[in-house]
Every structure is written in structure tokens, then in C-alpha cells.
Amino acid sequence: MTNTLERKIKVENNPSIFPKNQWYVIALSKELKQNMIARKVLNIPLIIFRDEHGQVQALEDRCCHRGMPLSCGTLENGRVRCGYHGLLYDGTGQCVEVPGQDKIPSKAKVKAYTVVEKQGLVWLWYSFGQEIADIEPPDYPYHDHPDYLYDGDVYHYQAPYQLIHDNLMDLSHLAYVHLKTIGGNAKIHMNAEMKVTQNDDQVVVKRHMINSEPPPTYSMAYPFTGKIDRWQEIDFRVSHIRIWTGAINAGTDSLDNPDRDGFNMRGFHAITPETEDTCHYFWTMSTNPQIDRENIANVVIEQTRLTFDEDKVVIENQYKNLKQFENSEMVGIHIDVGLVRARRMVEQLI
Ligand code: FES
Ligand SMILES: [Fe+2]
């Protein structure tokens, strides 16, 4: 862990302590209806809402008059009314009404951020200096794929975002943390054949568990006839992680076939820092049931939720303890390869 002095130097030399020039998820589309969300992301207090055209907007949460949080005001037909003296702002952050005064001061506006809603996710372009994004937000096809059904949620974590990266890059913990759902035999998890590859902006970890017992969630969701060949493929990018897990009946296909059949769970995990010590974890689970689709998808998503609840307890406890033993070292073991590379990538970007 970085000590306080190192941190201070880093902050002074670099206004961002988070990787910049990236798209980050700041909301799930389903969170935004007739409401306004107050959410701090990347140390920026924001309000997120739909404007009068239904388009998602994100403004800094500060009225330009006397600094009141705009989130204490109200959303009026896609415009935000400050709850102190009633200034009204449109989706671009421009003040469009000052009650009792005809002329609107030219400086009466608040900062608006570049946001794009795509495939059920709201992405914010985070940069310093380069306000306009020159790349599209990432594409996530499983949110509008005919074979898949999905749902998800957002969790607030009292822990830094990189501890969640660590957790997701190391799926051997399934054997100890998630025994009741997607776990399975500890020995098989710890000894799974693992390949780690990397390019400029991705770290990919592939783990295969051949001829293993189906865990409870798998048996419930798919009519496996006996043992299974199981895979876990983790695709790490700085702003989010994709985890494709699943299984086929043992020996019926190659785990290198990208179109292999069987039971698939495609997890999307966007972990957006709130502050240095806290974060928002946006997750979705997409799955491809063959029969009784809605029902089975619901069960898979609910079981996913249970496993993520289990992770939250572990990670928040881990962070509490890391703070109690701030100067202690962590000892690496074989399963840490993926997380070490992911941390290195984030470190280089910062
Ligand atoms: S502080 Fe917002 S209108 Fe005065
Ligand atoms: Fe987990």
C-alpha cells in the first residue's frame, strides 16, 4: 500500500490519482427514471439525470450561485432547480432562469461532463485537458444479444477499487468464498491450468477445469449429464472487467472453441473509484438459458448477487485490516499473476 507521504507527492504532481482519458461507468440505465442521482465518482460530486429529451446528463453537484448541492434541489421536466434560491439549469449546465431577475449572468453555468448511454450502461469520459473523447465507449454486446438475458446492480464499497480488481483477477477464491453457489472443489480451483496474456490495454487470464463436478448454480441452470469441462476467462481493462465463465458436458467440445455451447455466464464488472478509499461497483450478469429462460436467468442473477454479497464482506474486511496493519507487506503466491499484471497496468497509466 502507498503510504501517506508517497500519496501526497503523487497528488501534487498529478491532479488525477486515477487513470485518466478513460470511459468509466457512472450509472446503470435502469437507475435513471424520473429521478436525479447524486453520486461522487473519481472524486467529482455529480448529479446524473435525464434531460427533457431523455438523454442522460451529468453536471457537477454545485450551484454556481452560493454553492448549494444541486442534488438537494428538484428535477423539473429534465431541468434542475436549485433548492436554495431556485436557479434553473438545463442538461448542458447552463442556467436558464434566475427567479425574479430577467437577465441571466453570462457566467451562470456549471460544469457538464461528457456522458454516453449505451447498452444499458452510462459511461463518463474522464480526462484532464482533453474534454472531448476521441474514442467510443466500450462495446458490450451481451446486453443486447438475443440469446442472453441480463440484469445487474450497483454496490457501494468501503474499499479502494483495486481490491475489487484483485478479487476478480483471482478466481481461485471461489473455492473458499463461494462454496454454496459457484464454488466447487478447492483442489481443482487452486490447481486449475492457468494462462495469462497481455497487450497494451488488456490482461487476459484463462483457467480451465477439466472433468470436474458441476457446482450448485450450474446444475440448477443446465441439464449436465455428469462431470463438466469448466472455464473462466477474465478480460481485464482499466475501466471494467469481463468474466466469461461456463461449462459443457465433459469431453464434448474444445474449450478453445469460441462458439462452444453449454451453460454461459458473462459477467460485466465496472469498478469506478468514488474516492481513493471507496468505490462504486456496477455489475451485470448475462446468461443464455435454453429452457424456461426468464426463470432460470432470474435464479442465476440472484445467485450471482449472493456471491457478490459474499465478496463484499470479504473485501471490506480485508481493507479494514490492511489499514490496521498499514506497514505490513503482502506475500505473493502463484494465483496472483493476473492481479499483479492488472495492478501494473493501472500504475503505469497513473
Ligand atoms: S445557491 Fe443555488 S440558487 Fe442560490
Ligand atoms: Fe467472488
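As the structure is a prediction and not an experimental result, all values here were calculated from the model.

### Quick notes on the pattern of salt bridges
The tally for this structure, following the rule as stated, stands at 15 salt bridges. For Glu-302, the salt bridge is made with Arg-305, and the minimal N-O distance between the two is 3.2 Å. A residue pair is termed a helical-turn pair when its members lie 3 or 4 positions apart in one helix, as Glu-302 and Arg-305 do in helix 6 (residues 293-324) at 3 residues. Because the salt bridges share partners, they merge into one network encompassing Glu-76, Arg-81 and Glu-97.

### Side note on the domain arrangement of the protein chain
Domain boundaries assigned for the protein chain yield domain 1 (16-126) and domain 2 (145-349). Each of domain 1 and domain 2 was reduced to a C-alpha centroid, and the two centroids are 33 Å apart. Each partner contributes to the interface: domain 1 provides 21 residues, whereas domain 2 provides 21 residues. A combined buried area of about 1600 Å² lies between domain 1 and domain 2, and 68% of that area is made up of carbon and sulfur atoms. Among the residues domain 1 hides against domain 2, the three largest losses belong to Pro-19, Val-25 and Leu-28. Together they make up 27% of the total. Our count for the contact surface shared by domain 1 and domain 2 stands at 1 salt bridge.

### What to know about the coordination of the iron ion (ligand 2)
Coordination of the iron ion (ligand 2) by the protein is provided by His-173 (NE2), His-178 (NE2), Asp-311 (OD) and Asp-311 (OD), with metal-donor distances spanning 2.1 to 2.3 Å. Between the 4 donor atoms coordinating the iron ion (ligand 2), the angles at the centre fall across 59 to 148°, so the site counts as irregular. Binding-site remark: the iron ion (ligand 2) is held by donors from one chain whose sequence spacing is H-x4-H-x132-D. The exposure classification of His-173 matches that of His-178, with both residues buried.

### What to know about helix 2 (residues 161-169)
Burial runs high along helix 2: 9 of the 9 residues are buried. Along helix 2, the residues classified as buried are Tyr-161, Gln-162, Leu-163, Ile-164, His-165, Asp-166, Asn-167, Leu-168 and Met-169.

### Some thoughts on the nonpolar core
Ranked by size, the top nonpolar core spans 61 residues in total, and within it Ile-26, Leu-46, Leu-124, Met-169 and Tyr-281 carry the most contacts. Sorting elements by how many residues they give to this core places helix 6 first, with 7 residues. Of the domains in this structure, domain 1 (16-126) and domain 2 (145-349) are the two that each give at least three residues to this core. If we ignore the near neighbours within four places in the chain, the residues touching Tyr-281 are Asp-153, Val-154, Tyr-155, Tyr-157, Ile-164, Leu-168, His-269, Ala-270, Ile-271 and Phe-308. If you look at the next biggest cluster of nonpolar residues, it comprises 14 residues, including Met-36, Ile-47, Leu-59 and Cys-82.

Criteria and thresholds
- Along each chain, the written sequence defines residue order, and numbers are assigned to residues from 1.
- Going through the entries in the order they are written, you letter the chains from A and number the ligands from 1.
- Only residues with pLDDT of at least 70 are given local features in this predicted model, and only at 80 or more are side-chain atom pairs given and counted; all residues enter the totals for whole chains, interfaces and linings.
- In computing side-chain properties, one takes all heavy atoms of the structure into account and sets aside hydrogens as well as water.
- By convention in these notes, a salt bridge is any Lys or Arg side-chain nitrogen within 4 Å of a carboxyl oxygen on Asp or Glu.
- Labels follow the DSSP assignment, with helices taken as runs of H or I lasting at least four residues and strands as runs of E lasting at least two, numbered in each case from the N terminus.
- Delimitation of the domains relies on an automatic or database domain assignment.
- Should any heavy atoms of two residues lie within 4.5 Å, those residues are counted as being in contact.
- Two parts lose some accessible area (1.4 Å probe) when they are put together, and adding that loss for both gives the buried area.
- Nitrogen, oxygen and sulfur within 2.8 Å of a metal are treated as its donors, or within 3.2 Å for sodium, potassium and calcium (Na, K, Ca); water is not counted, so a site can appear incomplete.
- Note on geometry labels: four donors, all angles 85 to 135 degrees, give tetrahedral; four donors become square planar and six octahedral when opposite donors are over 155 degrees apart and every other angle is between 65 and 115; remaining cases are irregular.
- Buried residues are those whose accessible area, probed at 1.4 Å on protein chains only, stays under 20% of the maximum for their type, while exposed residues exceed 50% and partly exposed ones sit between those limits.
- As used in this record, nonpolar core signifies buried Ala, Val, Leu, Ile, Met, Phe, Trp, Tyr and Cys residues forming a set joined through side-chain atoms within 4.5 Å.

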